Amino acid sequence: MMVIKSPATVPPEIVERIIDKVALLKDDCERFTALKACSLISRNFKNSSQRHLFQSLTIDLTSECDNHTTPAQIQNLHSAFFSSPNLPFYVQELHLLDLGNIQLSCEQILADIISMLKEVKILHINFQNCMRLIISFDWWKFTHTLQQALTTMLFSLPLTNLKLKHVSGFPQSTIQRFKFIPTVQLKAVEFTENETPGQQSGQMQPLIEESSLDIKFLTLEILDRWDLKPIIDTLSTHLGKLKKLTLDLCRSYFDEPTDWDFLKHCNSLTTLELLTRSILREYLEKIDLSLLPHLRSIKLSTDLAYEGEPSSILRNLEQCLRTASTKNEIKEIIFEASWDLYRVMMKPEPDKWKELDMMLSGPQFQTLEEVRFMVCSKFYHDALCRKMPMGALSENLSRTYERGIISVVEVEEKLFYHCMYRR
(Lines give C-alpha, C1' and ligand atoms only; values in the text may rest on other atoms or scores of the structure.)
Protein backbone atom coordinates (compact mmCIF):
# COMPACT_ATOMS: atom_id res chain seq x y z
CA MET A 1 0.00 0.00 0.00
CA MET A 2 1.38 3.40 -1.03
CA VAL A 3 1.94 5.81 1.82
CA ILE A 4 1.67 9.51 0.87
CA LYS A 5 3.72 11.71 3.13
CA SER A 6 2.38 14.99 4.37
CA PRO A 7 4.14 18.16 3.10
CA ALA A 8 5.68 18.65 6.54
CA THR A 9 7.67 15.38 6.20
CA VAL A 10 9.16 16.11 2.76
CA PRO A 11 12.97 16.37 3.11
CA PRO A 12 14.19 19.99 3.03
CA GLU A 13 16.53 19.35 0.09
CA ILE A 14 13.57 18.12 -1.99
CA VAL A 15 11.55 21.19 -1.01
CA GLU A 16 14.43 23.44 -2.08
CA ARG A 17 14.66 21.74 -5.48
CA ILE A 18 10.92 22.09 -6.04
CA ILE A 19 10.87 25.77 -5.13
CA ASP A 20 13.98 26.46 -7.22
CA LYS A 21 12.21 24.97 -10.24
CA VAL A 22 9.12 27.08 -9.63
CA ALA A 23 11.27 30.18 -9.30
CA LEU A 24 12.58 29.60 -12.85
CA LEU A 25 9.18 30.36 -14.40
CA LYS A 26 9.73 33.16 -16.94
CA ASP A 27 6.37 34.89 -16.57
CA ASP A 28 6.55 37.17 -13.52
CA CYS A 29 2.86 36.86 -12.72
CA GLU A 30 2.88 33.05 -12.96
CA ARG A 31 6.04 32.81 -10.87
CA PHE A 32 4.63 35.06 -8.14
CA THR A 33 1.31 33.17 -8.05
CA ALA A 34 3.02 29.77 -7.93
CA LEU A 35 5.47 30.78 -5.20
CA LYS A 36 2.67 32.33 -3.16
CA ALA A 37 0.67 29.10 -3.45
CA CYS A 38 3.72 27.04 -2.41
CA SER A 39 4.20 29.21 0.66
CA LEU A 40 0.78 28.07 1.93
CA ILE A 41 1.57 24.34 1.83
CA SER A 42 3.67 23.98 4.98
CA ARG A 43 6.33 25.70 7.05
CA ASN A 44 9.15 24.17 4.99
CA PHE A 45 7.57 25.34 1.74
CA LYS A 46 6.79 28.72 3.26
CA ASN A 47 10.38 29.57 4.17
CA SER A 48 11.79 28.45 0.82
CA SER A 49 9.08 30.26 -1.14
CA GLN A 50 9.51 33.50 0.77
CA ARG A 51 13.23 33.46 0.04
CA HIS A 52 12.40 33.78 -3.68
CA LEU A 53 9.35 36.01 -3.25
CA PHE A 54 11.34 38.67 -1.41
CA GLN A 55 14.64 38.24 -3.24
CA SER A 56 13.95 41.33 -5.34
CA LEU A 57 11.95 44.23 -3.91
CA THR A 58 10.65 47.07 -6.09
CA ILE A 59 8.91 50.17 -4.76
CA ASP A 60 7.71 52.12 -7.80
CA LEU A 61 6.22 55.48 -6.92
CA THR A 62 5.67 56.61 -10.51
CA SER A 63 2.13 57.99 -10.36
CA GLU A 64 1.79 57.72 -14.17
CA CYS A 65 2.25 53.94 -13.88
CA ASP A 66 -0.89 51.85 -13.40
CA ASN A 67 0.92 49.41 -11.11
CA HIS A 68 2.66 51.97 -8.94
CA THR A 69 3.19 51.25 -5.25
CA THR A 70 0.52 52.85 -3.08
CA PRO A 71 0.97 54.20 0.48
CA ALA A 72 -1.21 51.33 1.73
CA GLN A 73 1.12 48.79 0.12
CA ILE A 74 4.16 50.43 1.73
CA GLN A 75 2.40 50.22 5.10
CA ASN A 76 1.54 46.54 4.50
CA LEU A 77 5.17 45.78 3.63
CA HIS A 78 6.29 47.56 6.79
CA SER A 79 3.87 45.47 8.87
CA ALA A 80 4.99 42.24 7.19
CA PHE A 81 8.65 42.97 7.93
CA PHE A 82 7.90 43.67 11.58
CA SER A 83 5.73 40.57 12.05
CA SER A 84 8.25 38.33 10.21
CA PRO A 85 11.77 39.61 10.99
CA ASN A 86 13.32 37.01 8.68
CA LEU A 87 11.78 38.54 5.53
CA PRO A 88 14.10 41.59 5.22
CA PHE A 89 17.12 39.26 5.17
CA TYR A 90 15.83 37.62 1.98
CA VAL A 91 15.99 40.88 0.00
CA GLN A 92 19.01 40.82 -2.34
CA GLU A 93 17.88 43.52 -4.80
CA LEU A 94 16.21 46.83 -3.98
CA HIS A 95 14.73 49.09 -6.66
CA LEU A 96 13.35 52.47 -5.57
CA LEU A 97 11.78 54.14 -8.59
CA ASP A 98 10.65 57.79 -8.77
CA LEU A 99 11.56 58.08 -5.11
CA GLY A 100 11.14 61.85 -5.15
CA ASN A 101 7.42 61.31 -5.66
CA ILE A 102 6.99 59.74 -2.21
CA GLN A 103 4.33 61.21 0.04
CA LEU A 104 5.55 62.93 3.19
CA SER A 105 3.48 60.58 5.36
CA CYS A 106 5.33 57.56 3.91
CA GLU A 107 8.90 58.79 4.39
CA GLN A 108 9.20 57.57 7.99
CA ILE A 109 7.69 54.19 7.05
CA LEU A 110 10.06 53.76 4.11
CA ALA A 111 13.01 54.78 6.28
CA ASP A 112 12.07 52.03 8.75
CA ILE A 113 11.85 49.48 5.91
CA ILE A 114 15.27 50.49 4.58
CA SER A 115 16.84 50.22 8.03
CA MET A 116 15.72 46.57 8.25
CA LEU A 117 17.45 45.54 5.00
CA LYS A 118 20.88 44.05 5.73
CA GLU A 119 21.68 41.77 2.76
CA VAL A 120 20.99 43.97 -0.28
CA LYS A 121 23.68 43.60 -2.96
CA ILE A 122 22.00 45.37 -5.90
CA LEU A 123 20.66 48.87 -5.24
CA HIS A 124 18.92 50.99 -7.87
CA ILE A 125 17.50 54.38 -6.90
CA ASN A 126 15.82 56.54 -9.52
CA PHE A 127 14.94 59.77 -7.73
CA GLN A 128 12.97 61.36 -10.56
CA ASN A 129 11.09 60.19 -13.63
CA CYS A 130 13.19 61.58 -16.51
CA MET A 131 10.07 62.22 -18.63
CA ARG A 132 9.07 65.10 -16.35
CA LEU A 133 10.01 68.69 -17.08
CA ILE A 134 12.39 68.86 -14.10
CA ILE A 135 14.83 66.03 -14.70
CA SER A 136 16.63 65.90 -11.34
CA PHE A 137 15.06 65.71 -7.89
CA ASP A 138 16.42 67.93 -5.11
CA TRP A 139 17.87 65.69 -2.40
CA TRP A 140 17.16 68.31 0.27
CA LYS A 141 13.40 67.99 -0.21
CA PHE A 142 13.51 64.68 1.67
CA THR A 143 13.03 64.69 5.42
CA HIS A 144 16.14 64.23 7.56
CA THR A 145 14.93 60.75 8.56
CA LEU A 146 14.79 59.45 4.98
CA GLN A 147 18.08 61.17 4.08
CA GLN A 148 19.77 59.46 7.00
CA ALA A 149 18.28 56.07 6.13
CA LEU A 150 19.43 56.28 2.50
CA THR A 151 22.99 57.41 3.25
CA THR A 152 23.36 54.84 6.04
CA MET A 153 22.19 52.17 3.60
CA LEU A 154 24.84 53.20 1.07
CA PHE A 155 27.63 52.82 3.62
CA SER A 156 26.44 49.71 5.46
CA LEU A 157 25.12 47.30 2.80
CA PRO A 158 27.42 44.77 1.08
CA LEU A 159 26.70 46.30 -2.34
CA THR A 160 28.09 44.84 -5.56
CA ASN A 161 25.97 46.93 -7.95
CA LEU A 162 24.83 50.54 -7.45
CA LYS A 163 22.76 52.71 -9.78
CA LEU A 164 21.75 56.28 -8.91
CA LYS A 165 19.71 58.44 -11.27
CA HIS A 166 18.37 61.99 -11.51
CA VAL A 167 19.21 63.69 -8.23
CA SER A 168 20.81 67.03 -7.37
CA GLY A 169 22.43 68.06 -4.10
CA PHE A 170 23.55 64.51 -3.28
CA PRO A 171 26.12 64.39 -0.41
CA GLN A 172 29.63 64.44 -1.86
CA SER A 173 30.98 62.31 0.99
CA THR A 174 29.15 59.28 -0.46
CA ILE A 175 31.63 59.22 -3.34
CA GLN A 176 34.17 57.55 -1.07
CA ARG A 177 31.80 54.57 -0.82
CA PHE A 178 31.74 54.00 -4.59
CA LYS A 179 35.34 52.79 -4.71
CA PHE A 180 34.32 49.66 -2.77
CA ILE A 181 31.47 48.73 -5.15
CA PRO A 182 32.38 46.68 -8.26
CA THR A 183 29.70 48.18 -10.53
CA VAL A 184 28.62 51.83 -10.25
CA GLN A 185 26.30 53.73 -12.60
CA LEU A 186 25.58 57.42 -12.07
CA LYS A 187 23.16 59.21 -14.36
CA ALA A 188 22.36 62.91 -13.92
CA VAL A 189 23.74 62.97 -10.37
CA GLU A 190 24.89 66.34 -9.04
CA PHE A 191 26.91 66.36 -5.83
CA THR A 192 27.20 69.01 -3.15
CA GLU A 193 29.72 69.50 -0.37
CA ASN A 194 26.88 69.98 2.12
CA GLU A 195 26.26 66.88 4.20
CA THR A 196 23.18 65.25 5.61
CA PRO A 197 23.26 66.00 9.38
CA GLY A 198 24.85 63.12 11.26
CA GLN A 199 26.18 61.53 8.08
CA GLN A 200 29.51 63.27 7.59
CA SER A 201 32.18 61.16 6.01
CA GLY A 202 34.09 60.87 9.26
CA GLN A 203 31.10 59.26 10.96
CA MET A 204 30.19 56.75 8.25
CA GLN A 205 32.75 54.14 7.21
CA PRO A 206 32.23 51.26 4.74
CA LEU A 207 32.02 47.79 6.23
CA ILE A 208 34.31 46.40 3.47
CA GLU A 209 38.07 46.48 3.87
CA GLU A 210 39.70 48.91 1.45
CA SER A 211 42.11 46.31 0.08
CA SER A 212 39.43 43.68 -0.53
CA LEU A 213 37.54 45.23 -3.42
CA ASP A 214 38.03 47.82 -6.12
CA ILE A 215 35.58 49.22 -8.60
CA LYS A 216 35.39 47.21 -11.87
CA PHE A 217 32.55 48.76 -13.89
CA LEU A 218 31.89 52.51 -13.86
CA THR A 219 29.21 54.35 -15.83
CA LEU A 220 28.97 58.14 -15.63
CA GLU A 221 26.09 59.66 -17.58
CA ILE A 222 25.84 63.36 -16.88
CA LEU A 223 23.81 66.44 -17.63
CA ASP A 224 25.36 69.77 -18.47
CA ARG A 225 25.39 71.10 -14.90
CA TRP A 226 27.16 68.25 -13.21
CA ASP A 227 30.88 68.57 -12.53
CA LEU A 228 32.69 65.27 -12.95
CA LYS A 229 35.87 66.35 -11.22
CA PRO A 230 34.89 65.56 -7.57
CA ILE A 231 34.09 61.94 -8.32
CA ILE A 232 37.06 61.42 -10.63
CA ASP A 233 39.39 62.99 -8.07
CA THR A 234 38.03 60.70 -5.35
CA LEU A 235 38.07 57.48 -7.38
CA SER A 236 41.17 58.00 -9.52
CA THR A 237 43.53 55.99 -7.30
CA HIS A 238 41.01 53.15 -6.94
CA LEU A 239 40.54 52.34 -10.62
CA GLY A 240 43.32 49.76 -10.92
CA LYS A 241 40.86 46.88 -11.39
CA LEU A 242 38.40 48.80 -13.57
CA LYS A 243 37.36 46.67 -16.57
CA LYS A 244 34.71 48.82 -18.21
CA LEU A 245 34.32 52.60 -18.25
CA THR A 246 31.32 54.39 -19.80
CA LEU A 247 31.44 58.19 -20.03
CA ASP A 248 28.82 60.57 -21.34
CA LEU A 249 30.66 63.62 -22.65
CA CYS A 250 27.60 65.67 -23.45
CA ARG A 251 29.29 68.93 -22.51
CA SER A 252 32.82 70.36 -22.36
CA TYR A 253 34.09 69.08 -19.02
CA PHE A 254 37.10 67.18 -20.36
CA ASP A 255 38.53 70.11 -22.28
CA GLU A 256 42.05 69.96 -20.85
CA PRO A 257 44.61 67.18 -21.36
CA THR A 258 45.02 66.89 -17.58
CA ASP A 259 41.34 65.99 -17.26
CA TRP A 260 42.20 62.59 -18.73
CA ASP A 261 45.10 61.89 -16.37
CA PHE A 262 42.94 59.46 -14.42
CA LEU A 263 43.22 57.01 -17.35
CA LYS A 264 46.76 56.16 -16.28
CA HIS A 265 45.25 54.53 -13.19
CA CYS A 266 42.93 52.35 -15.37
CA ASN A 267 45.70 49.98 -16.44
CA SER A 268 43.33 46.97 -16.44
CA LEU A 269 40.63 48.62 -18.56
CA THR A 270 39.39 46.41 -21.41
CA THR A 271 36.26 48.29 -22.56
CA LEU A 272 35.82 52.04 -23.11
CA GLU A 273 32.46 53.53 -24.10
CA LEU A 274 32.02 57.21 -24.96
CA LEU A 275 28.77 59.04 -25.63
CA THR A 276 29.61 62.34 -27.24
CA ARG A 277 28.27 65.28 -29.21
CA SER A 278 29.62 66.76 -32.43
CA ILE A 279 30.91 69.81 -30.55
CA LEU A 280 33.33 67.62 -28.60
CA ARG A 281 35.45 66.23 -31.40
CA GLU A 282 38.29 68.58 -30.43
CA TYR A 283 38.25 67.10 -26.91
CA LEU A 284 38.42 63.50 -28.06
CA GLU A 285 41.92 64.02 -29.41
CA LYS A 286 43.06 64.63 -25.82
CA ILE A 287 42.30 61.01 -24.92
CA ASP A 288 45.53 59.00 -24.90
CA LEU A 289 44.52 55.40 -25.61
CA SER A 290 48.15 54.32 -25.32
CA LEU A 291 47.70 54.66 -21.53
CA LEU A 292 45.37 51.63 -21.66
CA PRO A 293 47.56 48.62 -22.57
CA HIS A 294 44.76 46.08 -22.04
CA LEU A 295 42.09 47.95 -24.02
CA ARG A 296 40.26 45.56 -26.32
CA SER A 297 36.94 47.24 -27.14
CA ILE A 298 35.96 50.84 -27.96
CA LYS A 299 32.40 52.04 -28.43
CA LEU A 300 31.60 55.56 -29.60
CA SER A 301 27.97 56.72 -29.54
CA THR A 302 27.16 60.01 -31.22
CA ASP A 303 23.89 61.91 -31.16
CA LEU A 304 23.72 64.48 -33.94
CA ALA A 305 19.96 64.66 -34.27
CA TYR A 306 19.82 68.32 -33.32
CA GLU A 307 23.17 69.84 -34.20
CA GLY A 308 26.17 69.47 -36.49
CA GLU A 309 26.70 67.94 -39.89
CA PRO A 310 26.84 64.21 -40.58
CA SER A 311 30.51 64.61 -41.55
CA SER A 312 31.19 65.46 -37.89
CA ILE A 313 30.70 61.77 -37.10
CA LEU A 314 33.81 60.94 -39.12
CA ARG A 315 35.82 63.58 -37.30
CA ASN A 316 34.68 62.13 -33.96
CA LEU A 317 35.73 58.64 -34.99
CA GLU A 318 39.12 59.78 -36.22
CA GLN A 319 39.89 61.87 -33.15
CA CYS A 320 38.87 59.09 -30.79
CA LEU A 321 41.15 56.51 -32.43
CA ARG A 322 44.11 58.71 -33.26
CA THR A 323 46.16 57.89 -30.14
CA ALA A 324 45.74 54.12 -30.31
CA SER A 325 49.04 52.22 -30.48
CA THR A 326 50.07 48.67 -31.33
CA LYS A 327 50.30 47.75 -27.64
CA ASN A 328 46.54 48.28 -27.21
CA GLU A 329 45.71 45.16 -29.26
CA ILE A 330 42.18 46.48 -29.89
CA LYS A 331 39.86 43.77 -31.17
CA GLU A 332 36.49 45.55 -31.47
CA ILE A 333 35.37 49.03 -32.49
CA ILE A 334 31.67 49.94 -32.36
CA PHE A 335 30.12 53.07 -33.84
CA GLU A 336 26.58 53.98 -32.84
CA ALA A 337 24.58 57.07 -33.79
CA SER A 338 21.10 58.28 -34.59
CA TRP A 339 19.82 58.82 -38.13
CA ASP A 340 22.89 60.86 -39.12
CA LEU A 341 25.11 57.78 -39.15
CA TYR A 342 22.88 56.23 -41.79
CA ARG A 343 23.17 59.38 -43.88
CA VAL A 344 26.95 59.19 -43.68
CA MET A 345 27.07 55.51 -44.58
CA MET A 346 24.73 55.89 -47.54
CA LYS A 347 27.08 58.19 -49.48
CA PRO A 348 30.09 56.71 -51.30
CA GLU A 349 32.65 59.42 -50.46
CA PRO A 350 36.06 57.69 -50.15
CA ASP A 351 37.93 61.00 -49.87
CA LYS A 352 36.14 61.89 -46.62
CA TRP A 353 36.68 58.41 -45.19
CA LYS A 354 40.28 58.06 -46.33
CA GLU A 355 41.95 59.03 -43.05
CA LEU A 356 39.74 56.71 -41.01
CA ASP A 357 40.30 53.87 -43.47
CA MET A 358 44.07 54.35 -43.28
CA MET A 359 43.95 54.18 -39.47
CA LEU A 360 41.77 51.07 -39.30
CA SER A 361 43.96 49.25 -41.80
CA GLY A 362 47.18 50.52 -40.22
CA PRO A 363 49.62 48.78 -37.86
CA GLN A 364 47.96 50.05 -34.66
CA PHE A 365 44.85 48.02 -35.50
CA GLN A 366 46.42 44.81 -36.74
CA THR A 367 44.58 42.81 -34.06
CA LEU A 368 41.19 44.27 -35.02
CA GLU A 369 38.53 41.57 -35.47
CA GLU A 370 35.36 43.64 -35.99
CA VAL A 371 34.29 47.16 -36.93
CA ARG A 372 30.58 47.34 -36.17
CA PHE A 373 28.18 50.08 -37.26
CA MET A 374 24.94 50.24 -35.24
CA VAL A 375 22.13 51.71 -37.34
CA CYS A 376 18.61 52.64 -36.24
CA SER A 377 16.03 50.03 -37.26
CA LYS A 378 13.56 52.52 -38.76
CA PHE A 379 15.71 52.71 -41.90
CA TYR A 380 15.34 49.00 -42.63
CA HIS A 381 12.15 49.05 -44.65
CA ASP A 382 13.18 46.41 -47.17
CA ALA A 383 16.05 44.17 -48.21
CA LEU A 384 17.47 46.84 -50.51
CA CYS A 385 17.94 49.29 -47.64
CA ARG A 386 19.81 46.66 -45.68
CA LYS A 387 22.36 46.24 -48.45
CA MET A 388 22.94 49.91 -49.16
CA PRO A 389 25.04 50.82 -46.08
CA MET A 390 27.40 47.88 -46.60
CA GLY A 391 27.72 48.76 -50.26
CA ALA A 392 28.78 52.32 -49.44
CA LEU A 393 31.14 51.14 -46.69
CA SER A 394 32.88 48.78 -49.10
CA GLU A 395 33.90 51.88 -51.10
CA ASN A 396 34.51 54.30 -48.24
CA LEU A 397 36.52 51.85 -46.12
CA SER A 398 37.89 49.75 -48.96
CA ARG A 399 41.10 48.64 -47.20
CA THR A 400 39.29 47.75 -43.99
CA TYR A 401 36.52 46.05 -45.97
CA GLU A 402 39.05 43.78 -47.65
CA ARG A 403 39.92 42.37 -44.23
CA GLY A 404 36.31 41.15 -43.84
CA ILE A 405 35.82 42.73 -40.43
CA ILE A 406 33.06 45.31 -41.16
CA SER A 407 29.49 44.60 -40.03
CA VAL A 408 26.25 46.60 -39.98
CA VAL A 409 23.80 45.82 -37.17
CA GLU A 410 20.18 46.92 -36.89
CA VAL A 411 19.24 48.31 -33.47
CA GLU A 412 16.19 49.95 -31.97
CA GLU A 413 16.34 53.73 -31.76
CA LYS A 414 17.19 54.72 -28.22
CA LEU A 415 15.08 57.01 -26.12
CA PHE A 416 18.02 59.21 -25.13
CA TYR A 417 18.36 60.42 -28.69
CA HIS A 418 15.13 62.34 -28.25
CA CYS A 419 14.48 63.26 -24.63
CA MET A 420 17.43 62.60 -22.37
CA TYR A 421 18.91 66.04 -22.74
CA ARG A 422 15.88 68.20 -23.29
CA ARG A 423 15.81 71.04 -20.82
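Residues numbered from 1 in each chain as written. Predicted model: local features only at pLDDT ≥ 70, side-chain atom pairs only at ≥ 80, totals over all residues. Heavy atoms only, no water.

Turning to the packing of aromatic side chains, a few remarks are in order. All chains considered together, the criterion is met by 11 aromatic pairs. Three or more aromatic residues link up through ring pairs in this structure, and these residues are Phe127, Phe137, Trp139, Phe142, Phe170, Phe178 and Phe191. (Phe/Tyr/Trp six-rings, centres within 6.5 Å; stacked < 30°, edge-to-face > 60°.)

Turning our attention to the environment of Pro350. Within the secondary structure layout, Pro350 lies in helix H12 (residues 350–360). Its relative accessible area of 37% is what places Pro350 among the partly exposed residues. Sequence spacing of Pro350 and Ser398 is 48 residues, and the spatial spacing of their C-alpha atoms is 8.2 Å. (Helix = DSSP H or I, 4+ residues; strand = E, 2+ residues; numbered from the N terminus. Buried < 20%, exposed > 50% of the residue type's maximum accessible area, 1.4 Å probe, protein only.)

Let us look at the packing of helix H4 (residues 71–83) against helix H5 (residues 104–116). Helix packing for two helices is described by the angle between their axes and how far apart those axes are. Relative to each other, H4 and H5 sit at 35°, their axes nearing to 10 Å. Between H4 and H5 the crossing geometry is left-handed. When H4 is examined against H5, the residues Pro71, Ile74, Gln75, Leu77, His78, Phe81 and Phe82 are found in contact with a partner set consisting of Cys106, Ile109, Asp112, Ile113 and Met116. The residue inventory of the contact of H4 with H5, partitioned by class, reads nine nonpolar, two polar and one charged. (Axes fitted to C-alpha atoms, helices over the stretch in contact; angles between N-to-C directions. Left-handed = near helix turned anticlockwise from the far one by under 90°. Contact = heavy atoms within 4.5 Å. Nonpolar A, V, L, I, M, F, W, Y, C, P; charged D, E, K, R; others polar.)

Next up on the list: H5. Among all positions of H5, only Cys106, Glu107, Ile109, Leu110, Ala111, Ile113, Ile114 and Met116 are buried. Turning to H5, the residues buried within the fold contact strand S1 (56–60), H4, strand S2 (93–97) and helix H6 (144–156).

Our focus in this paragraph is the pattern of salt bridges. Applying the stated criterion across every chain yields a total of five salt bridges. Two residues, Glu329 and Arg296, come together in a salt bridge whose shortest N-O distance is 3.6 Å. Of this pair, Glu329 sits in the loop between helix H10 (311–321) and strand S11 (332–337) while Arg296 sits in the loop between helix H9 (281–284) and strand S10 (297–302), placing them 33 residues apart in sequence. Overall, the relative accessible area of 24% leaves Arg296 in the partly exposed class. (Salt bridge = Lys/Arg side-chain N within 4 Å of Asp/Glu carboxyl O.)

Given a rise of 1.5 Å per residue, 13 residues ought to cover 18 Å, and the 18 Å separating the end C-alpha atoms of H6 matches this to within 8%. All of the buried residues in H6 are Leu146, Gln147, Ala149, Leu150, Thr151, Met153, Leu154 and Phe155. Contacts from the buried residues of H6 go to S2, H5, strand S3 (122–126), strand S5 (161–171) and helix H7 (175–178). (Expected span 1.5 Å × (residues − 1).)

Let us now look at the pairing of S10. Where burial is concerned, most of S10 is hidden: six out of the six residues are buried. Burial along S10 is two-sided: Ser297, Lys299 and Ser301 facing one way and Ile298, Leu300 and Thr302 facing the other are all buried. Pairing of S10 with S11, which is carried by six bridges, proceeds in the parallel orientation. Paired with Ile298 across the bridge in S11 is Ile333. (Pairing = 2+ DSSP bridges.)

Another point: unusual backbone geometry. Although it is not a glycine, Asp98 adopts a positive phi angle of roughly 55°. Mapped onto the elements, Asp98 comes out in the loop between S2 and H5. Phi is positive for His166, close to 55°, though the residue is something other than glycine. When you line up the elements, His166 lands in strand S5.

Here the focus is the confidence of the model for the protein. On average, residues of the protein score 76 in pLDDT, and 74% of them reach the 70 mark or higher. A low-confidence stretch, residues 197–212 stays under pLDDT 50, and its non-local contacts, those more than four residues away or across chains, total 27 contacts. Counting contacts from residues 415–423, a segment whose pLDDT is below 50, to residues more than four positions away or on other chains yields 35 contacts. (pLDDT = per-residue confidence, 0-100.)

Quick look at the side chain of His52 now. As for its placement among the helices and strands, His52 is situated in helix H3 (residues 43–53). Those residues in contact with His52 that sit more than four places away from it in its chain are Ile19, Asp20, Ala23 and Leu35.

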